[in-house]
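Here's the letter readout for the chains.
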Amino acid sequence: MRLNRHVAGWLMATPLSLVLALFLLLPIGMIVIVSFWGATEFSIYPAFQFDNYEFLFGSPVTYSVFINTFKYAVVTWFFTLTIGFTVAYFLAFHVRSLTWQIALFLVCTIPFWTSNIIRMISWIPFLGRNGLANSTLISWGVIDEPVEWLLFSDFSVILTFVHLYTLFMVVPIFNTMMRIDKSLIEAAYDNGATGFQTLTNIIIPLTKPGIMIGSIFVVTLVMGDFITVRFMSGSQSANVGRLISNDIALLQYPSAAATAVVLLATVLIVIAVLLRFVDIRKEL
Amino acid sequence: MTPSKKTGGMNRRSLLKGAAATAAIASTNTIGAPMIWAQNIKDITLRQFGTGVSNLNDVATKVKEDLGFTLEMTALDSDAVTQRAATQPDSFDIADIEYWICKKVWPTGNLQAMDTSKIANYDKIVGIFRDGKLTPESTIAQGTAPHSVGFVEGPGGTEFVDNESGWMTLIPTIYNADTLGIRPDLINRPISNWSELLNPEFKGKASILDISSIGIMDMAMVCESMGEISYGDKGNMTKEEIDKTFAIFTEAKKAGQFRAFWKTFDESVNLMASGEVVIQSMWSPAITAVKSRGIPCVYQPLEEGYRSWGGGLGLSNSLSGLELEAAYEYINWYLSGWVGGYLMRQGYYSAVPETSKEFMSENEWGYWFEGKAATDTITSPTGDPLAQAGDVRDGGSFTDRMGAVACWNAVMDENQYMVRKWNEFIAA
């Protein structure tokens, strides 16, 4: 009986392990292997050489591109967190009826009914030189000349990132906030805590897991992105994802694989650091 | 187990049985069909892929009508086309690629040479694709000129030869002379040199295309026109020349000269039509697309000449038998005029202009090919008016335009170095 249960446990774990091994570990293993290969202009050949890494770490472009990637990640994280936390706080503590909470939460998800790319591209006519934003500002008399930095700049890239990914912050934070025992807040109130004290001493500490999950979503999404950066910067800025996609376009697969490995390692380190702050498994 | 689960299992099982039976019936049908029709060309499907310029659904429809078989088209950008031709030989039957791509892809052995004796209109193909000369007096421009990668020594040949060997790598289909596109209404003065692209007057309103092998040629035209660099061969630069070229453009980029870079045809159209950009590298049908929205746009002929390109159809190495015959038939049909006329009405040139003439009105032929003033409204293949009576094509006649080619799109010996520099330029 005991043995049976043991075997059953293994059997139950097998499908998922197989799926993960086949579709996660194997491809990553391939990428690592190919990153040591060599490439000619139109083909790749098996080898064990460090050329790709040497070139990657030897080029000043790599460092500036990684710095740029981090910059996008940090700034986007800051804004999505601020907005996401505020929205979730409003939904969880200001809206009293569950029906309204659900209704408003669904309203937040409406933009997600359209494709990511469409939501991104729709900013272009809005922010353009002769776009809605500029013509409105001119008609209000705020500016005389169209503002150029609205589109094809770091501003437009980050704006789009924040627009695309704030919901990934709202959902987990809202979720943890809803599970905070309301009596804790009443107790704080009874003990004479101000609203701000309640926020910093009760709500924020208890929402940490949600914040952390949201942060992991946002940081990994931004660091792995390439299409938003390409469209919204008018191809003028680069992040690591674009470096990889350029290499792939030019058939330099080993070099792309090496960059991907370095990016993967970087993202894993970032997540490891984030997880030092909160033990998500315990909190879930 | 509970009884309810048992019934559940039985239901599922009977459902599966039913599904299996249906699948079996379906599969006998699909397996049976090709066996009955295998001898018939009508059942053949040829898969073609290429850049958006000539992958037109109208062509596929017309093929079905005239030849009876099915042509499946996939449109990709230049980089993706190269990638696919080099790495996925089984994913296509016909590759619609440019000559410089051919130089890159041919060594992989994924394409097969074509027997010119099977090409009915071979003798009528323009000289550019045969001995390299438009007219007997023409000089051959720099870069990867089509005739230099147009022939191999025989079937299975891997080396390009410099004579008309009778075995062609690509059958030329479409080509043009490219230059800068401008918005005359926003510039308000004549533009006559490539160097204007980096003129500070257009700060934040210029663009260049982000496809390295083509972009570098536009850059070279600009640097040469500025008098900054004189190249030995723009189509085959030395490392120093590449460095100098990128230094000039990186400086301009940092100074904010460029509004954006574009990679696809649609992007270039949108940049120009929205007024984000007033001067940029552009392709002919993109000008047509801007114009058909009623926005003035000129394909500006420049003193230094044009940057030219040519495309053709290559056959996958895995084509054989009846499908190969169908492919030859398709190529012969392609050169027989209908497609040529269609493409010429978009501003391209056909490899066999004389057959295309029969599919164009006298007015259209005069406007597009001979550089004459239009006698009536000129419309695009989709019916939008592009020019009024009295208008003349930018750059003039076929011989004026193709005779003023300064260089061809190219792949250089230092290509990998150039590509790395290009990446740095984008990231700078």
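Here the structure is a predicted model, which is why all the values come from computation and not from measurement. (Residues numbered from 1 in each chain as written. Chains lettered and ligands numbered in written order. Predicted model: local features only at pLDDT ≥ 70, side-chain atom pairs only at ≥ 80, totals over all residues. Heavy atoms only, no water.)

### Observations concerning the overall build of chain B
And step 1. From N to C terminus, chain B includes 15 helices and 18 strands.
And step 2. If you line up chain B on its principal axes, its C-alpha atoms span 85 × 60 × 45 Å.
And step 3. With 428 residues in all, chain B has 57% of them scored as buried.
And step 4. Here the analysis covers contacts within chain B between residues at least 6 apart in sequence; of these, 69% occur between residues at least 24 apart.
And step 5. As displayed, chain B has an accessible area near 17400 Å², and 51% of this comes from carbon and sulfur atoms.
And step 6. The average position of the 37 basic charges and that of the 53 acidic charges among the side chains of chain B differ by 10 Å. (Helix = DSSP H or I, 4+ residues; strand = E, 2+ residues; numbered from the N terminus. Buried < 20%, exposed > 50% of the residue type's maximum accessible area, 1.4 Å probe, protein only. Contact = heavy atoms within 4.5 Å. Areas by Shrake-Rupley, 256 points an atom, 1.4 Å probe, with all protein chains shown as cover. Lys, Arg positive; Asp, Glu negative; His and termini not counted. Charge placed at Lys NZ, Arg CZ, Asp CG, Glu CD.)

### Here we look at the nonpolar core
And step 1. Formed by 207 residues in total, the largest nonpolar core has its most connected members in V59, F249, I279, Y330 and M402 of chain B.
And step 2. Ranked by residue count, the leading element in this core is helix α3 (residues 60-94) of chain A, at 11 residues.
And step 3. Residue contributions to this core reach at least three from each of two domains, namely domain 1 (41-177 + 308-357) and domain 2 (180-304 + 397-427) of chain B.
And step 4. Residues in contact with F249 of chain B, not counting those within four places in the same chain, are L197, L198, I208, M219, V222, C223, F258 and F425 of chain B. (Core = buried A, V, L, I, M, F, W, Y, C linked by side-chain atoms within 4.5 Å. Domains from an automatic or database assignment.)

### Digging into helix α7 (residues 239-254) of chain B
Residue and element names in this part refer to chain B.
And step 1. Helix length check: α7, at 16 residues, gives a terminal C-alpha distance of 22 Å against a target of 22 Å (1.5 Å per residue), a fit within 8%.
And step 2. Where α7 is buried, its residues contact β10 (206-209), α6 (212-226), β11 (258-262) and α15 (415-427).
And step 3. Positive phi shows up at G256, right after α7, with a value of about 85 degrees. (Expected span 1.5 Å × (residues − 1).)

### Regarding the domain arrangement of chain B
All names here are of chain B.
And step 1. When the domains of chain B are assigned, the result is domain 1 (41-177 + 308-357) and domain 2 (180-304 + 397-427).
And step 2. Across the boundary between the two partners, domain 1 contributes 25 residues, which contact 26 residues of domain 2.
And step 3. For domain 1, the biggest contributors to the area lost against domain 2 are W100, Q142 and S308; these three give 27% of the whole.
And step 4. Summed over the shared surface of domain 1 and domain 2, the number is zero salt bridges.
And step 5. Counting every contact that joins domain 1 to domain 2 gives 13 residue pairs in polar contact (both at pLDDT 80 or more).
And step 6. Every element with two or more residues in the side of domain 1 that touches domain 2 is listed here: α3 (78-87), α4 (99-105), β6 (142-143), β8 (171-178) and β14 (306-316).
And step 7. Counted by class, the side of domain 1 that touches domain 2 contains 12 nonpolar, nine polar and four charged residues. (Buried area = accessible area lost by both parts, 1.4 Å probe. Salt bridge = Lys/Arg side-chain N within 4 Å of Asp/Glu carboxyl O. Polar contact = N/O pair within 3.5 Å; in protein donor to acceptor, adjacent residues only side chain to side chain. Nonpolar A, V, L, I, M, F, W, Y, C, P; charged D, E, K, R; others polar.)

### Describing a nonpolar patch on the surface
Residue and element names in this part refer to chain A.
And step 1. Among the surface-exposed residues, L16, L20, L24, L25, I28, V32, L264 and L268 lie close enough to one another that they form a single nonpolar patch of about 690 Å² accessible area.
And step 2. Counting residues per element, the ones that place at least two in the nonpolar patch are α1 (2-34) and α13 (253-277).
And step 3. Of the residues forming the nonpolar patch, the biggest block, six residues, is contributed by α1.
And step 4. Within the secondary structure, L268 sits in helix α13. (Patch = residues over 30% accessible without salt bridge, like charges linked within 9 Å, V, L, I, M, F, W, Y side chains within 5 Å.)

### Considerations on the interface of chain B and chain A
And step 1. On the chain A side, the residues contacting the 35 residues of chain B number 30 residues.
And step 2. At the boundary of chain B with chain A, total buried surface from both sides reaches about 2800 Å², with 49% on carbon and sulfur atoms.
And step 3. Three residues stand out in chain B for area buried against chain A, namely R259, Q416 and N423 of chain B, and they jointly supply 21% of the buried area on that side.
And step 4. Counting across the interface, chain B meets chain A through 14 residue pairs in polar contact (both at pLDDT 80 or more).
And step 5. Elements supplying a minimum of two residues to the side of chain B that touches chain A: α3, β11, α8 (265-273) and α15 of chain B.
And step 6. The leading source of residues in the side of chain B that touches chain A is α15 of chain B, at eight residues.

### Considering the packing of aromatic side chains
All names here are of chain B.
And step 1. As enumerated under the stated definition, the model contains 38 aromatic pairs over all chains in all.
And step 2. A centroid spacing of 5.7 Å and a plane angle of 35 degrees characterise the contact between Y99 and F129, whose relative ring orientation is tilted. Residue Y99 is found in helix α4, and its partner F129 is found in the loop between β5 (114-115) and β6; the two are separated by 30 residues along the sequence.
And step 3. With centroids separated by 6.3 Å and ring planes inclined at 85 degrees, the aromatic side chains of Y349 and F369 adopt a geometry described as edge-to-face. (Phe/Tyr/Trp six-rings, centres within 6.5 Å; stacked < 30°, edge-to-face > 60°.)

### Side note on the pattern of salt bridges
Residues and elements named next belong to chain A.
And step 1. Tallying each qualifying case throughout the model produces 21 salt bridges over all chains.
And step 2. R129 is the partner of E148 in a salt bridge, and the nearest nitrogen-oxygen pair spans 2.9 Å. Pair noted here: E148 is in the loop between α7 (132-140) and α8 (154-178) and R129 is in the loop between α6 (123-127) and α7, with a separation of 19 residues, a long-range link.

### Points about the packing of α7 of chain B against α15 of chain B
Residues and elements named next belong to chain B.
And step 1. In the contact formed by α7 and α15, the axes pass within 10 Å of each other and the chain directions differ by 10 degrees. Relative to α15, the element α7 lies roughly parallel. Residues K239, I242, D243, F246, F249, T250 and K253 of α7 lie in contact with α15, whose contacting residues are Y417, M418, K421, W422, F425, I426 and A427.
And step 2. Split by residue class, the contact of α7 with α15 holds nine nonpolar, one polar and four charged. (Axes fitted to C-alpha atoms, helices over the stretch in contact; angles between N-to-C directions. Parallel < 35°, antiparallel > 145°, perpendicular 65-115°, else oblique.)

### Description of the confidence of the model for chain A
And step 1. Confidence in the prediction for chain A averages 90 pLDDT; 97% of positions are at 70 or higher.
And step 2. Ranking the helices and strands of chain A by mean pLDDT puts α3 of chain A first, with 94, and helix α14 (residues 280-283) of chain A last, with 68. (pLDDT = per-residue confidence, 0-100.)

### Description of the environment of D391 of chain B
Residue and element names in this part refer to chain B.
And step 1. Within the secondary structure, D391 sits in the loop between β17 (385-387) and α14 (398-402).
And step 2. What makes D391 partly exposed here is its relative accessible area of 34%.
And step 3. For the pair formed by D391 and A374, sequence separation is 17 residues and the distance between their alpha carbons is 5.5 Å.
And step 4. Apart from residues no more than four positions distant in its own chain, D391 is found in contact with Y367, K372, A373 and A374.
And step 5. One polar contact links the side chain of D391 to the main-chain amide nitrogen of Q388, over a distance of 2.9 Å.

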